[in-house]
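# Summary of structural features
The residues making up each chain are set out below.
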Amino acid sequence: MREISDEKIKNYLKRTEEAIEIIKKGLPPKRSLLYNVAEDFLVMIESYFKDAEAFLKMGDYVNAFACLNYAYGWIDAGVRLGLFDVGDDDVRFTLAK
């Protein structure tokens, strides 16, 4: 398969947007040294997400899909490192245990 369907890109866009909302609720306390690291991760995540939206508007589904995968990679890395508390949600996120 050489193309990314409307259904697939919309699904990934929605899932990534939902994950971003969840991790924003699970940031470390502001006094924690990890808070700044989590913010840095969040900047990268949101940047890739916005890039995905821009590529999608241009009709470039391949690069939009790539950006969403990069964003989710940062999300999962942050979750596994303990930067974002997502509880026991091992359906949306790759947990360490």
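Now for a look at the structure at hand. (Residues numbered from 1 in each chain as written. Predicted model: local features only at pLDDT ≥ 70, side-chain atom pairs only at ≥ 80, totals over all residues. Heavy atoms only, no water.)

## Comments concerning the overall build of the protein
For the protein, the count of helices and strands is three helices and zero strands. When the helices and strands of the protein are listed from N to C terminus, the series reads α-α-α. Here the C-alpha atoms of the protein give a radius of gyration of 14 Å, agreeing with the 13 Å that 2.2 N^0.38 yields for 97 residues. Taken along the three principal axes of its C-alpha coordinates, the protein extends 45 × 25 × 15 Å. Out of the 97 residues belonging to the protein, those deemed buried represent 32%. (Helix = DSSP H or I, 4+ residues; strand = E, 2+ residues; numbered from the N terminus. Rg over C-alpha atoms; globule rule 2.2 N^0.38 Å. Buried < 20%, exposed > 50% of the residue type's maximum accessible area, 1.4 Å probe, protein only.)

## Brief notes about the packing of aromatic side chains
Taken as a whole and assessed by the stated rule, the structure comprises three aromatic pairs. Ring geometry for Tyr-12 and Phe-65: centres 4.8 Å apart, planes at 65 degrees, overall edge-to-face. Placement of Tyr-12 in helix α1 (residues 6-25) and of Phe-65 in helix α3 (residues 61-81) is noted, with a sequence separation of 53 residues between them. On the basis of relative accessibility, which here comes to 25%, the residue Tyr-12 falls in the partly exposed class. Plain terms: the ring middles of Tyr-48 and Tyr-70 are 5.2 Å apart, the flat faces sit at 15 degrees to each other, and that makes the pair stacked. (Phe/Tyr/Trp six-rings, centres within 6.5 Å; stacked < 30°, edge-to-face > 60°.)

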